[in-house]
Amino acid sequence: MDLSEFPSLSRDTLRDIRLTVDSGFKDFTRTYGETLELMLEPVKDFLIFLEGLLIDSPWFIVLAVLVGIVFLLSRNIKITIGSVIALCLIGTFGMWEDTMRTIAMVTVCTLLAIVLGIPIGIFMARSDRVQGFVNPILDLMQTMPSFVYLIPVVMIFGLGKVPGLIAIVVYAIPPMIRLTNLGIRLVDPDVLEAADAFGSSSWQKLVNVQLPLALPTIMAGINQTIMMALAMVVVAALIGVKGLGQPVVNAIANQYFTMGVMNGLAIVAIAIIFDRATQAYGKRLQKHSEVVHG
Amino acid sequence: MAEATGIEIKELYKIFGPNGKEMVQRVKDGMSKSELNEKHNHVLGLNNINISMPGGKIQVVMGLSGSGKSTLIRHINRLIDPTDGEVLYGNEDVCKMSQTELREFRRHKTAMVFQKFALLPHRTVMKNTVYGLEIQGVPMKEAEERAARWIARVGLEGFEDHYPNQLSGGMQQRVGLARALTNDADILLMDEAFSALDPLIRMDMQTVLLDLQEELHKTIVFITHDLDEALRLGDRIAILRDGAVIQQGTGQQIVLKPEDSYIADFVKEVNRGRVIRVETVMDQTKTLNTGTQIPANVMLEEAAKIFAAEGVNEASVINRSGTPVGVLTIQDTISAMVTPVAH
Ligand SMILES: Nc1ncnc2c1ncn2[C@@H]1O[C@H](COP(=O)(O)OP(=O)(O)O)[C@@H](O)[C@H]1O
Ligand SMILES: [Mg+2]
C-alpha cells in the first residue's frame, strides 16, 4: 500500500457526488432562476437608470453633483478639491464612462448591502443565538476566495449586471452586518436602562437610542463595504460587469501594462474619494457621542 | 396637586442566579449571603425587605456599596424582576403587571435619575428633556413647552441647544433632573443621583431638590451612601446591609439610637447639631414664661446660635402655637451636640 497517498474516496464516488450536487443545483436554477431574476428586476432597472444618468448627463453637471456630495459628507475643502482633481484626471485619460459605470455599480451594491445588512445586524445584536449562527457564515463568506461566488450566480443568472451585482453584494456585505451588530452591542447599558425606565418600547429603544448611538460604527461598516465592493468590481468583470474592471481583465490577457495601471489607478482614486468622504462623515457623527462625566 | 401615593414594599427577596426561586426558601430559613454564595453560587441581592414609603415624602435608602441599594430601587419600576414579594403602589402590585401595564406605569407614574446621568449623548438638552413625553406620544410642540419650564426651573435656561458633553457634571445632572420632572410622574427614583458630583455642587443640587419638593410633594426614593446627604434630604431613612434592612426611621431616630455597631460607626462622624431637634433634648419637666424663646422643632445648631447671640444660658422652648413646652440649657445643647445621648 502506498502510504504517501491519503486514502481518498474513489474517483467514481467523487464524480457521483459532484454530479449529484451539480444537477441538484441546476434543478434549483431551472425552477427558481426566473423567479429570482424577476425579483431583482427593479434593482437592475435602478442600476441601468443610474448608469445612464451618470453617463448621459453633461460631464460638468455630473462632476459638480459628485463633488457636491463629497463636500456635504466631508465638509472638508481638501478632500473636495482632491476629488475634483482626481475626477478631471480620470476624464482626461479617457476613463470617464468606465468610471461612471463603476460608481453606479458600487453605489447600488452598497445601498443593497445597507438595506439587507442593517436588519441582519440588528437581529444579531438582539439575540446571542442568532449571532452564534450568523457569525460562522460571515467568517466563511469573508475567507472564501471571491472568484468562487461567481460560479453559482453565473449558473443562475448567466453573464451580466445582475449576477455581478449579487456576487459583489455577497462579498461586500459582511462588514455591514458585523459592524451594525457590534455598534448596537456597544451602546452604553446605562443609557439603555434610562430608556427602559422611561417606558420605551423595544422599537422606540432601537430608533431613539441604539441605532443613533451605533451610527458611527455603522458608518465604519458602510465604509468597509464600499471598499470591498470596489475590490470585487474588478473580479466581477470576469462575468461581464462593465466598468473599470474590464480594461484591467483585458490588460491581463493581452499584457497591456499602461492600460492596466491606469484603470487600476482610477479605481484607487475613487476608493480614496469614497473612503475619505465617508470617514469624515463618520467622524462628524461621532462628535457628540462620547459620554463625558464630571 | 393631589396627595402622592406611597409605595409599600412587602417581603421582597431578590436572588441573582439561575435558580433564584428555589433558593428563596433557604434564605427564609436563615442562610446568609456568603453561605448562599459559597454553597450555591447565587448572590443574595435583597433579603426580606419591608419598607412603607410615605406618599409625598422623601424616603432615603442608605448603605455601603454592594448592600443592594440599586437593586432595591430598580424593583420599584421593575427594571429588575423580584424573586419573591410585593411592591405595591396604591393597590397595584408592580410585580404582577403585564409588559404593557408596566410600560404605562413607567411612562406615567415614575421617573428616574441616574448616578452616571445616562443622558442620550446624541441629543441636545431640550431633546433629552422631552424624551419621556416623546415616547408617550405627546405632540412635540407641547412637549417642548413643558420641557422648557423644567429646564428653566433647574437653572439651565439658555443651554437648550447644548449637547451633554458640552456641560459640566453638575449641569448634566440638572438635565437628568429636568428630564425626570418633565414626565410629571408621582414617583421620583434617584439612584445615587448626586454621588458623582463635587461636594459644593452636590449641596447645590440637594438644595434644588428640597426646593422642588417643597412645591411638588412627590414620592421620592433617594439612594445614597452618604449619611449627611441622607440626613439632609430624608424624611425617612432605611439602612441596608447585605441586602437586608437593619434599621429604619427618621434621621434623628437613627442618629440617637443606632441599632448596632455598623450604624453607630456610620453616625459617629455626623454633625449632630444639624440632625437633633430641640424637643428631643429639652427638659420637659419644667417650663419658663419669660426670657429667650426657641421653637421646639429647630435643630440644636440653630439653638446654639440663638444662645450665642442672646448671651443667655437657658431658654424657653415653645411649640407651634407659642405655648411653652420645656426648657433648654446651653449645657444640654452642647453635650447633645458632641456625645451620643443614649444607646
Ligand atoms: N445582575 C446581577 N447579577 C449578579 N449579582 C448582582 C447583579 N446585580 C447586582 N448584584 C449583586 O447584588 C449586590 C447588590 O448590588 P447593588 O444593588 O448594585 O448594590 P449597591 O447599589 O448598594 O452598591 C452586590 O453584591 C452585587 O454584586
Ligand atoms: Mg448602586
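Predicted model only: the values in this text are computed from it and were never measured.

How each quantity is defined
- Residues numbered from 1 in each chain as written.
- Chains lettered and ligands numbered in written order.
- Predicted model: local features only at pLDDT ≥ 70, side-chain atom pairs only at ≥ 80, totals over all residues.
- Heavy atoms only, no water.
- Buried < 20%, exposed > 50% of the residue type's maximum accessible area, 1.4 Å probe, protein only.
- Helix = DSSP H or I, 4+ residues; strand = E, 2+ residues; numbered from the N terminus.
- Pairing = 2+ DSSP bridges.
- Right-handed = clockwise from strand over helix to strand, strands pointing away.
- Contact = heavy atoms within 4.5 Å.
- Polar contact = N/O pair within 3.5 Å; in protein donor to acceptor, adjacent residues only side chain to side chain.
- Phe/Tyr/Trp six-rings, centres within 6.5 Å; stacked < 30°, edge-to-face > 60°.
- Near = heavy atom within 4 Å.
- Areas by Shrake-Rupley, 256 points an atom, 1.4 Å probe, with all protein chains shown as cover.
- Nonpolar A, V, L, I, M, F, W, Y, C, P; charged D, E, K, R; others polar.
- Domains from an automatic or database assignment.
- Buried area = accessible area lost by both parts, 1.4 Å probe.
- Salt bridge = Lys/Arg side-chain N within 4 Å of Asp/Glu carboxyl O.
- Axes fitted to C-alpha atoms, helices over the stretch in contact; angles between N-to-C directions.
- Parallel < 35°, antiparallel > 145°, perpendicular 65-115°, else oblique.
- Left-handed = near helix turned anticlockwise from the far one by under 90°.
- Core = buried A, V, L, I, M, F, W, Y, C linked by side-chain atoms within 4.5 Å.

K.L.:
Would you mind going over the pairing of strand E7 (residues 187-191) of chain B with me for this structure?
P.N.:
It is a general feature of regular strands that their side chains alternate between the two faces of the sheet. Residue and element names in this part refer to chain B. Taking burial as the measure, the five residues of E7 include five buried ones, the bulk of the element. Neither face of E7 is exposed, since Ile187, Leu189 and Asp191 on one face and Leu188 and Met190 on the opposite face are all buried. For strand E6 (residues 110-113) and E7, the ladder comprises four bridges, and the chain directions are parallel. Looking at the pairing, Ala111 lines up with Leu188 of E7. Examined bridge by bridge, E7 and strand E8 (residues 219-224) share five bridges and lie parallel to one another. The partner of Met190 across the bridge, within E8, is Phe222. This β-α-β element, E7 to helix H9 (residues 199-216) to E8, shows right-handed connectivity.

K.L.:
Explanation requested: the environment of Asp191 of chain B in the structure shown.
P.N.:
Residue and element names in this part refer to chain B. With respect to the helices and strands, the residue Asp191 is situated in strand E7. For Asp191, a relative accessible area of 4% gives the class buried. Put simply, Asp191 and Phe117 are 74 residues apart on the chain and 9.8 Å apart in space, counted from C-alpha to C-alpha. Excluding residues that lie within four positions of it along the chain, Asp191 makes contacts with Ser70, Ile73, Arg74, Met112, Val113, Phe114, Gln115 and Ile223. Among the polar contacts made by the side chain of Asp191, one reaches the side chain of Arg74 at a distance of 2.7 Å.

K.L.:
For this particular structure, what's the right way to read the packing of aromatic side chains?
P.N.:
For any two aromatic rings, the description comes down to two numbers: the centre-to-centre distance and the angle of the planes. Across all of its chains, the model carries seven aromatic pairs over all chains by this definition. Seen from their ring centres, Trp59 of chain A and Phe60 of chain A are 5.6 Å apart, and the 85° between their planes marks the pair as edge-to-face. Residue classification places Phe60 of chain A among the partly exposed residues on the basis of a relative accessible area of 47%. Residues Tyr89 of chain B and Phe105 of chain B carry aromatic rings whose centres are separated by 5.6 Å and whose planes lie at 65° to one another, so their mutual orientation is edge-to-face. Residue Tyr89 of chain B is found in strand E4 (residues 84-89), and its partner Phe105 of chain B is found in helix H4 (residues 99-108); the two are separated by 16 residues along the sequence. The same class applies to Tyr89 of chain B as to Phe105 of chain B, namely buried.

K.L.:
Help me understand the site of ligand 1 in this model?
P.N.:
All names here are of chain B. What surrounds ligand 1 is the set Phe16, Lys33, Val43, Leu64, Ser65, Gly66, Ser67, Gly68, Lys69, Ser70 and Thr71. Between ligand 1 and Lys33 there is a distance of 3.0 Å, counted from an oxygen atom to a side-chain nitrogen or oxygen. The separation between an oxygen atom of ligand 1 and a polar main-chain atom of Lys69 is 2.9 Å. Relative to its unbound accessible area of 560 Å², ligand 1 is 60% covered by the protein chains. Counting residues per element, the shell around ligand 1 draws most heavily on helix H3 (residues 69-76), which supplies three residues. A class-by-class count of the residues in the shell around ligand 1 yields three nonpolar, six polar and two charged.

K.L.:
It is not clear to me how the domain arrangement of chain B should be interpreted in this structure. Could you clarify?
P.N.:
All names here are of chain B. Taken domain by domain, chain B comprises domain 1 (56-78 + 94-272) and domain 2 (275-338). At the junction of the two partners, domain 1 supplies eight residues and domain 2 supplies seven residues. Each partner contributes to the roughly 690 Å² buried at the junction of domain 1 and domain 2, and carbon and sulfur atoms together form 56% of this total. At the junction of domain 1 with domain 2, the criterion picks out zero salt bridges. Taken together, domain 1 and domain 2 are joined by five residue pairs in polar contact (both at pLDDT 80 or more). The leading source of residues in the side of domain 1 that touches domain 2 is helix H11 (residues 251-256), at four residues. Across the side of domain 1 that touches domain 2, the residue classes break down as four nonpolar, three polar and one charged.

K.L.:
Could you clarify how one ought to interpret the sheet that holds E4 of chain B in this entry?
P.N.:
The strands making up a sheet associate through backbone hydrogen bonding, with each pair oriented either parallel or antiparallel. Residues and elements named next belong to chain B. Spatially, E2-E1-E4-E5 is the arrangement adopted by the four strands of the open sheet, whose pairing is antiparallel. Strands with a single pairing partner mark the edges of an open sheet, and in this sheet they are strand E2 (43-53) and strand E5 (92-93). Pairing of strand E1 (residues 7-16) with E2 involves seven bridges; the strand directions are antiparallel. Opposite Glu8, over in E2, you have Ser52 as the bridge partner. Packed on one face of the sheet, H3 meets E1, E2 and E4 and runs near 125° to E1.

K.L.:
Please explain the interface of chain A and chain B as it appears in this structure.
P.N.:
Interface extent is often summarised as the accessible area lost during association of the parts. In this assembly, 24 residues from chain A lie in contact with 31 residues from chain B. In this assembly, chain A and chain B are joined by two salt bridges. A salt bridge links Arg74 of chain B to Glu193 of chain A, with the nearest nitrogen and oxygen atoms 2.5 Å apart. One can count nine residue pairs in polar contact (both at pLDDT 80 or more) joining chain A with chain B. Sorting the residues of the side of chain A that touches chain B by element identifies helix H9 (189-197) and helix H10 (202-236) of chain A as the ones contributing at least two each.

K.L.:
Any chance you could explain the packing of helix H5 (residues 96-126) of chain A against H10 of chain A here in plain terms?
P.N.:
The description of two helices packed together rests on the angle between their axes and the distance between the axes. Residues and elements named next belong to chain A. One can describe the packing of H5 onto H10 by two numbers: an axis separation of 8 Å at closest approach and a directional angle of 140°. By the angle between their axes, H5 is oblique relative to H10. Once H5 is placed against H10, the crossing between them reads as right-handed. Note on element contacts: H10 touches H5 through Ser202, Leu206, Gln210, Leu211, Ile218, Ile222, Thr225, Ile226, Ala229, Leu230 and Val233, opposite Thr102, Met105, Val106, Thr110, Ala113, Ile114, Ile118, Ile122 and Arg126. Residue composition of the contact of H5 with H10, by class: 14 nonpolar, five polar and one charged.

K.L.:
I tried to follow the nonpolar core on my own but got confused; where do I start?
P.N.:
One recurring pattern in soluble globular proteins: nonpolar side chains tend to sit buried together. One finds Met105, Ile168 and Met232 of chain A to be the most contacted residues of the largest nonpolar core, which totals 72 residues. Residues within four places of Ile168 of chain A in sequence aside, it is in contact with Met105, Cys109, Ala229, Met232, Val233 and Ala236 of chain A. In terms of nonpolar packing, the next biggest core, distinct from the first, is built from 61 residues, Ala195 and Val209 of chain A together with Val138 and Ala193 of chain B among them.

K.L.:
So what exactly am I meant to see when it comes to unusual backbone geometry here?
P.N.:
Generally, phi is negative for residues other than glycine and the peptide bonds are trans, each holding for most cases. Phi is positive for Gln255 of chain A, which is not a glycine, with a value near 55°. Along the chain, the position of Gln255 of chain A falls in the loop between helix H11 (245-254) and helix H12 (257-286). In this structure, Arg78 of chain B is a non-glycine residue whose phi angle is positive, near 55°. Topologically, Arg78 of chain B is positioned in the loop between H3 and E4. What makes Arg78 of chain B buried here is its relative accessible area of 9%.

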